[in-house]
Amino acid sequence: MDHIAEVTAGIAYVPAGIIYGYLLLLPTIEDKLIACLYEETYYWPHIIAIVAMLITVVLTNGLKLNYRKTQFIHLYLQLTATVFSITAGLVFLLVDDVVPAIYLGAIAFGLTLVPGLSYLHIRCRSRHRVLLMSLCTVWFLAGVATTATITELAAVNDEGEDRLHQNVAIALLTASTFLLVLLGLVELLQRETIVNYRQPLDYDTAMAHDSGRLLNPDRRPFASYAQFGRAAPALGKGVTGTGWSTERIVSAGGNETGCRYRTLWTVYMIGTKLVGLLAFYWVLLIYGIMATEVLLEQDNVGYLPFWLLAGGALLTTLLGIRLAPKTLFLGASVLYVIALVLAIAFYSADLTKPEYGIAKLLFFAFLGAALPLPAIHILELTPLNFNEAALALGTAIELLAIALLQYYGTNDGTLFGMEVTSGGVAVASSNHKDVIAAHYITAIVVGVVCAVATLWHMPNTGRKSLAEIESDLSRMRSYFAFSRRHQQPPPPQPTINPELQVDTTHANGRLDDTLEDPQPAGHEQLSARNAARFAALYPDSPDPRDPRNGSAHSLASHSPTARSRSRSPYNDFDQHMHYHHQDPHLHQQQQDALRRQHEANYLNARLLQQRGLDSPTGSDQMSRLRAIPPETIQPLPLLPPLAARAQRSDPALGLLTVKSEPGTVLRPILLTQHSDAPAPPPMPPADYLTKSLPRVKAVRQSRIPPIVPKPEPQAEVVVPGVEYSPNLVPSQFLRQSLQNSQLFR
C-alpha cells in the first residue's frame, strides 16, 4: 500500500508521452489548421513546455530551500498537469481548431517532466529507486508509441485528420481520467492515515528529512555551474587568470571536506541528457520509419521504432533490479553505437533491405535501454539542494535541440538530403548519402562522448541509499570517480601499556577486553602536536625534573618532545613515557603500586560476588570477607625487569579502568607527586545506585474510582421507659424526658 503513491507518480508520464508524441510527429500531419503554426513557429510548444517545467522547479526547489526540507507538493503539480491534459483532450474532441489544445497539452507536458522523477528519488527505498524511476521513462515512451500508432493507422483512412484527433483525444482523456482517480485515492488514503506519501520510505533518508539535515547546510549557490565564460581570478603572485579550467571551476569557493569534482561531474551528467536527442533525432527517426516499412514491406508499421524504444526501457527497468545504472548505461551505449555504425555502413553500401532495417531496429532498441538512465544519474549525483534545477537544465537542453532540429528540417529539406520538385514532391538530393552520413557520424560522436563521460565521472550508486551516496561522494578525491578514494582515519584508541594488561575478574565472571598497542612513533607525533596546540593555554614554568632544579631525572630533559616546557597535560604524559624506561626506583614503586591495585581489585570482585548471595546484614558480609584465607588471593605477574623492557620501545602508560570503580586511573607518575590537597573520598561501586534501591512494583492507574464502603453507624443506646428521638440535641433530649415523666406521673 505504501507504493501506491510511487506508482501514481510514474503513471502520470503516460499523458505526457501522448502529448509529446503528437508534438514530435506533427510535421508529418497535413492539417491545414495547424500548418500556419508550425511553418513559422514550430518550436513554440516546446518553449511553453520549458517555461512550465521551470515553474515546477521554482516551486519544488524553492520551497525546499526555504523550509530546509523537501516539501512534498509533487503530486499536486501532477494533479494540475492532469487538469490541463483533460482540458486539451476535450478541445481535441469537441473543437475543430486544435491549436489551443496543442498549447494546453504543452503546458501539461512541461508540468509533468520534473516532479515525478524528483518525488521518486526522495521517496523510494534504495533497492526500488532505479526500478521505479526507470518505469517513468517506460510509461512516457509507451505514450509516445501510442500516439505514433494512432498516427500511422489514421494515415491510411480517408478521414485521417478527424480520426487522428479523435483517437488522440480518447487516449488522452482515458489516461488522464485514470490518473485523476489514482490521485484522489492517494489523497483519501493520506487523510485516513493509511498512507503517508509525505515521508521517505528509506529509514536514513526519513531521519535526515525529519531532523532537517537532508540538505547541505552551506547552501552553495548554483552559479558555480555557469562560470565557463567568465574570466578566472588571479591564483597568486605572477599568475594571471586565462579562463576557467575544470580545476578552477570546482575549487573556487568549494567545500574542501566534500568532493572537489562533484560540480564538474554534475555538468557532465547534464550533458548526457542529449541521449534523448538521439532517441528523437529527426533524421534518425524518419529514416528509421522508412527502414521499418522497407523491411516489413508494409506502409503502416512506422510505429515499430517507438515500441522498440519502450521495450528497451522496460529491459533496463528489469535489469536495474540487479545491476547498477552506470553499468546498464555503459552496456547500452556500446550496443547502440555498434548498431549505428552498422547502419551507416549498410546505408553507404546501398544495403537498405533488409540489413539496414535490422541495424536501425537494433539501434532503437538499445537506445531505449539507455534512455532512462541520464535523469537517474543527474538526480543521484547532484546535491539535494538543487537536484530539480539540474534535471530541468538537462531536459531543457534536450527539448531545445529537438525543437530546433525539427524546425530547420521542416523549413529546409536539404538539411536531411531532400529536395522539393516543382510539383511539390520531395525527392532525394544528389548528395543525400553524404548528408545522412554526416548526421549519423554526429550521433556516433555524441553517443561515445556520453558513454566516456559516464564511465569516468559517474560513481557507482547501485542499490545505495541517499546517505551512502553522499558518504561515498564526500570521500572522492580524484578527477575520476573510480580511483583515489580518501580513507577516513579511524577514531583514536586509548593507549595501554602491555605490562599492565591484567585479567580482572568481575562479579559476573567476565574478563576485561585487551586492547592492542598503537605504534610508539605515531604516539610521539600525536603528543608533540598536542603539546604545540596547547602551548598557548599553559604559561611557561620551571620544569621540576630539570637537573638545575634539583631533579634526578636528567635524561628526559633532552628528549625531542620535552624541549618545549609548557605545563600541558600532554607534555606530562609524554615526559613520563621517557622516565618510565630509565629509572629502576620508579620501576619498583610501580610494581608495588600494581600489586596493591591488583589485590584491591580482587577484593572488590569478591565483595561483589558475596553481595549476590542472601545475606541478612552487612556484618555477615564482612565476616565472610574476613574468612577468606590469604592464600586464595593469587599474586598476579609483576612487571618484567627494566633491562628486558629497555630492549623494546613501549608506548606510554595509559589508563586502567576497573568496572567496579569507574574512573579509577593508575598513573605511577602521580605516586611521586605529593600534593597538599586532601585525598578525595573513595569511589562507590558502579552499581550502588541500582542495587541499593528497593524494587517498587509499578501501580497501574485506573480510570474507575475505587469503591469506598460507608462506615457502619454506632449502636444506639435505648433507655427503657423513655421515648427516644435521635434528632434531638442533649438539652432537648433531657427536656423531653422531663416532660414525659411528668405526663405519665
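Residues numbered from 1 in each chain as written. Predicted model: local features only at pLDDT ≥ 70, side-chain atom pairs only at ≥ 80, totals over all residues. Heavy atoms only, no water.

(A) Inspection of the side chain of S118 at higher detail. Inspection of the secondary structure puts S118 in helix α7 (residues 115–123). For S118, a relative accessible area of 3% puts it in the buried group. If we skip the residues at most four places from it in the chain, S118 touches H74, L379 and E388. (Helix = DSSP H or I, 4+ residues; strand = E, 2+ residues; numbered from the N terminus. Buried < 20%, exposed > 50% of the residue type's maximum accessible area, 1.4 Å probe, protein only. Contact = heavy atoms within 4.5 Å.)

(B) Seen up close, empty space enclosed by the protein. For the coordinates displayed, the defined rule picks out 6 cavities of 30 Å³ or more. Its volume calculated, the largest cavity comes out at about 340 Å³. As for the largest cavity, its lining consists of 21 residues, of which L113, T137, F140, K273 and E398 are closest to the centre. Those elements that place two or more of their residues in the lining of the largest cavity are α2 (13–24), α8 (129–154), α18 (373–381) and α19 (387–411). Taken together, the residues that form the lining of the largest cavity break down as 16 nonpolar, 3 polar and 2 charged. (1 Å grid on protein atoms, 1.4 Å probe; cavity = no way out; pocket = protein on both sides within 12 Å on 5 of 7 lines; lining within 4 Å. Points joined across faces, edges and corners; volume = space filled by probe spheres on them. Nonpolar A, V, L, I, M, F, W, Y, C, P; charged D, E, K, R; others polar.)

(C) Focus on the pattern of salt bridges. Tallying each qualifying case throughout the model produces 9 salt bridges. The salt bridge involving K433 is made with D350; its shortest N-O contact spans 2.5 Å. Taken as a pair, K433 in helix α20 (residues 432–457) and D350 in the loop between α16 (325–348) and α17 (355–370) lie far apart in primary sequence, 83 residues in all. When its relative accessible area of 28% is taken as the criterion, K433 is described as partly exposed. Two residues, R475 and D472, come together in a salt bridge whose shortest N-O distance is 2.8 Å. Look at R475 and you get buried, because its relative accessible area is 15%. (Salt bridge = Lys/Arg side-chain N within 4 Å of Asp/Glu carboxyl O.)

(D) Highlighting unusual backbone geometry. Residues other than glycine seldom take positive phi values, yet T193 does so here, at roughly 55 degrees. Mapping T193 onto the fold places it in the loop between α9 (160–191) and α10 (203–211). On the accessibility criterion, T193 (70% relative accessible area) is exposed. Phi at R463 is positive, roughly 55 degrees, even though this residue is not glycine. Inspection of the secondary structure assignment puts R463 in the loop between α20 and α21 (466–474). Given a relative accessible area of 44%, R463 falls into the partly exposed group.

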